[in-house]
Structures are given as C-alpha cells and as structure tokens.
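# Structural overview for review
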Amino acid sequence: MTPCPEEIAARKTAVNEAFDKLWDDYLSNRFSVVRDRASVFLKILSTIPETYKDVDLLVTEADFSYMLGAALGNDRKTLEDALTCYDKVLQKLPTDANQVNVRRMRAETLLRLGRYEDAFDAMEAISVLPDMGKFEELEAAPFRMRHDAALCERLAALGRMPQDRATAAAAALRSVAKRVEATPLPGGRQRWPLVKTLSPEDQQELKEGWYGSLIHIRYPAARTEPWWNGLRPTPSSSSSSATSIKETLNPNLDWAAIEKEYRETKITVIDDFFTQETLEELWRYS
C-alpha cells in the first residue's frame, strides 16, 4: 500500500470510524439517517485515489454503498457500486483469508439487484467455504465433540456423508473428547480450553472430525436436482419429473400482493410459505 498524505489519512480515519455507527443506524431501520450519512461519506471516499484504498477501506465503501442502495429502495446504480467494491475486496484478499462475510454481502447485493440465479450460485459457494480464523477460537468442549460424532453417524445413515468418512470423523472426535475431559480448566465460567491451546495432534484430529464445520456438509445432489432442474432446465430433465421453484412455494398465496406490501412497508409476514411436500422434504433434511 502506497503511503498516503496526512490529509488523505485523516479522511480514511473519519470514514472508517463511522462504520459501526452507520451499520447500527441501518439495522435499526433509521433509513433517512443512513441516506444522509452514507451519501456524505461516499462523497469523501470518492476523493481518495484508488492507490490509497486498502482492504478495510474498500469494505467500508462497499458496505456504505450497499446500505445506501437498500435505503434508497434498492437503487440499482448504488448497489452496482457496492458489487464492484466487494469484487475489488475479494481480488485483494489472499485465498486463505476469511472471505465469508464479504461473499455473503456480495450475495445479498445480488439479491437486491434481482440477479437471483447469480445470488444463489454465490450462496452455494459460501455454504462450502471454510470460515477461516474461527476454528482455533472454538471451545474444545467434550460434550460438543460427542454430539458432532453422533451427528456424523446420523449424516452417514441419511446418505449425506460417506460411511467410512463418518466413522473416521466420529472416532477422532470421541478420542479428543476423552483426552480433554481428563484435564478440565480449574474453576471459572470457561471450563474447557480453546482449540488453539490443544496439542497439534488433537487439533488435527478435530479437523478430521469436521469439528465446528458440519454446517458446511452439502445437501445431496440427488435430492436437490429436481428443484434445480425447475430453476435451470437441462436437456435431460422432463417437465413431468422436474419440480419448479413455484411448486416449492404455496401456490394459493397472492405473491404479487405480498411483494407489493413488502416494497411499501419493508416488512411482511407470510404464513404457509412452502407447500406441504416442500416442508416434509426440509424436515427430512434437518
């Protein structure tokens, strides 16, 4: 990063310091405040040359553009600016960095732009993306390891994890749980150690057991294919066997009226969102 003049450094500091407060305004639905403040800060950001923009500043610019675009009723140009910034951030981040939050905000931006297929592709990529930086900070709790071991076995029984992989993962988790349980921390609220304090061998066994990562186990392709064929028809799928996205949602609801209400009020309660068949499939999955 090119060293920046004092004046530009002061602008960067002012904008970054406003980050948390603007998010608080946005999440509290103070959209008029967001519109005013985000517009001002984005004008300041426009005076800072690209050579002086590091990852943190680009994230700030991207999030400010996202919030402003949303507060303006999904203003397309502002959201496109946010998307451009998120892409710049991803280009600058190392491949082993934690990209989950940036990719999640990028996916939400695509949703607001109405680019639904791109948004769902982005979300699918996020679902299997390692959440770097959190594993070592997890509490190494034996009861959780045993829970995850049982979950691995359950996933194998449902066909969502190979049997040999599940057996090895469950054995690794139970092995570490037994060792950790033998040496609990003395007193206090923190009874169990953090993963980063365990031996390298124990940490490796926890990784082999998918500790803290079972959320990333993907839904079996054989069960999602009918839904995806409905969204993106392929030559091999027939209209008689494919289930469209509309068939997963309750056809008896007035979706146009629901969308109109959401655009006008920004909040909508939807009862009986899914069809009964879809609900049963989600129950089987969970």
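The structure displayed is predicted, hence computed values, not measured ones. (Residues numbered from 1 in each chain as written. Predicted model: local features only at pLDDT ≥ 70, side-chain atom pairs only at ≥ 80, totals over all residues. Heavy atoms only, no water.)

What follows deals with the overall build of the chain. Each helix and strand in the chain was counted, giving 14 helices and zero strands. Looking at the 286 residues of the chain, the share that counts as buried comes to 34%. Taken as a whole, the chain presents about 17,400 Å² of accessible surface, with 55% of it coming from carbon and sulfur. (Helix = DSSP H or I, 4+ residues; strand = E, 2+ residues; numbered from the N terminus. Buried < 20%, exposed > 50% of the residue type's maximum accessible area, 1.4 Å probe, protein only. Areas by Shrake-Rupley, 256 points an atom, 1.4 Å probe, with all protein chains shown as cover.)

Before going further, it helps to spend a moment on the packing of aromatic side chains. If you walk through the whole model with that rule in mind, you get seven aromatic pairs. Taken together, a centroid distance of 5.5 Å and an interplanar angle of 85° make the contact between Trp 23 and Tyr 26 edge-to-face. Residue Trp 23 and its partner Tyr 26 are located together in helix 2 (residues 19-27), separated by three residues, close to a single helical turn. Take Trp 23 and Tyr 26: they sit in the same class, and that class is buried. Ring centres 4.8 Å apart and planes at 85° place the aromatic pair Phe 273 and Phe 274 in the edge-to-face group. Residue classification places Phe 273 among the partly exposed residues on the basis of a relative accessible area of 31%. (Phe/Tyr/Trp six-rings, centres within 6.5 Å; stacked < 30°, edge-to-face > 60°.)

Turning to the nonpolar core, a few remarks are in order. General note: in soluble globular proteins, nonpolar side chains tend to be found buried as a group. The biggest cluster of nonpolar side chains holds 40 residues, and the ones touching the most others in it are Phe 64, Tyr 66 and Met 67. Those elements that place two or more of their residues in this core are helix 1 (6-17), helix 2, helix 3 (31-46), helix 4 (55-71), helix 5 (76-92), helix 6 (100-112) and helix 7 (116-127). For Tyr 66, the residues in contact, after removing those within four places along its chain, are Trp 23, Tyr 26, Leu 79, Ala 82, Tyr 86, Met 105, Glu 108, Thr 109 and Arg 112. In terms of nonpolar packing, the next biggest core, distinct from the first, is built from 23 residues, Leu 155, Leu 198, Leu 206 and Leu 214 among them. (Core = buried A, V, L, I, M, F, W, Y, C linked by side-chain atoms within 4.5 Å. Contact = heavy atoms within 4.5 Å.)

A word on the environment of Thr 51. Mapped onto the fold, Thr 51 is located in the loop between helix 3 and helix 4. Look at Thr 51 and you get partly exposed, because its relative accessible area is 49%. It is 9.2 Å that separates the C-alpha atoms of Thr 51 and Pro 3, two residues lying 48 residues apart in sequence.

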